[in-house]
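# An overview of the molecular structure
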Amino acid sequence: ENKESIMLVGKLEYEGDGNMQVDLRAAGADVAKVMVTNLKIEGPIIIEFVRMIDVPPWFSGMRIYFPDAPQIDMDVQMEVILVDYFYDTAQVVK
């Protein structure tokens, strides 16, 4: 069995326009929503194909990691819903 690996070293420059949203719940009630947009990641990256084999997909595993901390930029928006549980915000805003 061949135990060799292939290592690719490069620079990642990712700029995404997707939206990621996480809904936080406690005791069955919505507590908050966190949304991440405009994610940008830049930095050195290593991709390893480990334990090469003779049949597809030609490797037994894969590792992807940053050897140094990448630069990360993103927009984060948060909506706290728990306040609505305790207070009628429509009445407070008046």
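Described below are features of the structure shown in this document. No experiment lies behind these values; they were computed from the predicted model shown.

On a plain count of helices and strands, the chain comes out with two helices and five strands. Starting at the N terminus and ending at the C terminus, the chain contains elements arranged as β-β-β-β-β-α-α. Taking all 94 residues of the chain together, 16% fall into the buried category. A fraction of 61% describes how many contacts in the chain between residues 6 or more apart in sequence connect residues 24 or more apart. Counting only carbon and sulfur atoms, one obtains 56% of the accessible surface of the chain, whose full area is about 7600 Å².

Here the bond from P56 into P57 is cis, since omega is 10 degrees, no more than 30 degrees from zero. One non-glycine residue, A27, adopts positive backbone phi at about 55 degrees. Looking at the element boundaries, A27 is found in the loop between strand 2 (19-26) and strand 3 (29-52). Look at A27 and you get exposed, because its relative accessible area is 87%.

Take the pairing of strand 4 (residues 59-65) next. Two strands pair when backbone bridges link them, and strand 3 and strand 4 are joined in this way by six bridges, in the antiparallel orientation. Bridged to M52 within strand 4 is F59. Between strand 3 and strand 4, which pair antiparallel one after the other, the connecting turn spans six residues, and W58 there sits at a positive phi close to 80 degrees.

Another point: the packing of aromatic side chains. According to the stated counting rule, one finds one aromatic pair in the structure shown. Between F49 and F59, the aromatic rings sit 4.8 Å apart at their centres with planes inclined by 55 degrees, giving tilted as the arrangement. Separated by 10 residues along the polypeptide, F49 in strand 3 and F59 in strand 4 bring together distant segments of the chain. Exposure remark for F49: the relative accessible area of 18% places this residue in the buried category.

With respect to the helices and strands, T37 occurs in strand 3. For T37, a relative accessible area of 13% corresponds to the buried category. For T37, the residues in contact, after removing those within four places along its chain, are G18, N19, M74 and D75.

Our focus in this paragraph is the pattern of salt bridges. The full count for this structure, using the stated rule, is four salt bridges. In this structure, the salt-bridge partner of E42 is K11, at a minimum N-O distance of 3.7 Å. Of this pair, E42 sits in strand 3 while K11 is found in strand 1 (residues 6-15), placing the two residues 31 residues apart along the sequence. If you follow the salt bridges from partner to partner, you end up with K11, E13 and E42 in one network.

Definitions and limits used
- Residues numbered from 1 in each chain as written.
- Predicted model: local features only at pLDDT ≥ 70, side-chain atom pairs only at ≥ 80, totals over all residues.
- Heavy atoms only, no water.
- Helix = DSSP H or I, 4+ residues; strand = E, 2+ residues; numbered from the N terminus.
- Buried < 20%, exposed > 50% of the residue type's maximum accessible area, 1.4 Å probe, protein only.
- Contact = heavy atoms within 4.5 Å.
- Areas by Shrake-Rupley, 256 points an atom, 1.4 Å probe, with all protein chains shown as cover.
- Pairing = 2+ DSSP bridges.
- Phe/Tyr/Trp six-rings, centres within 6.5 Å; stacked < 30°, edge-to-face > 60°.
- Salt bridge = Lys/Arg side-chain N within 4 Å of Asp/Glu carboxyl O.

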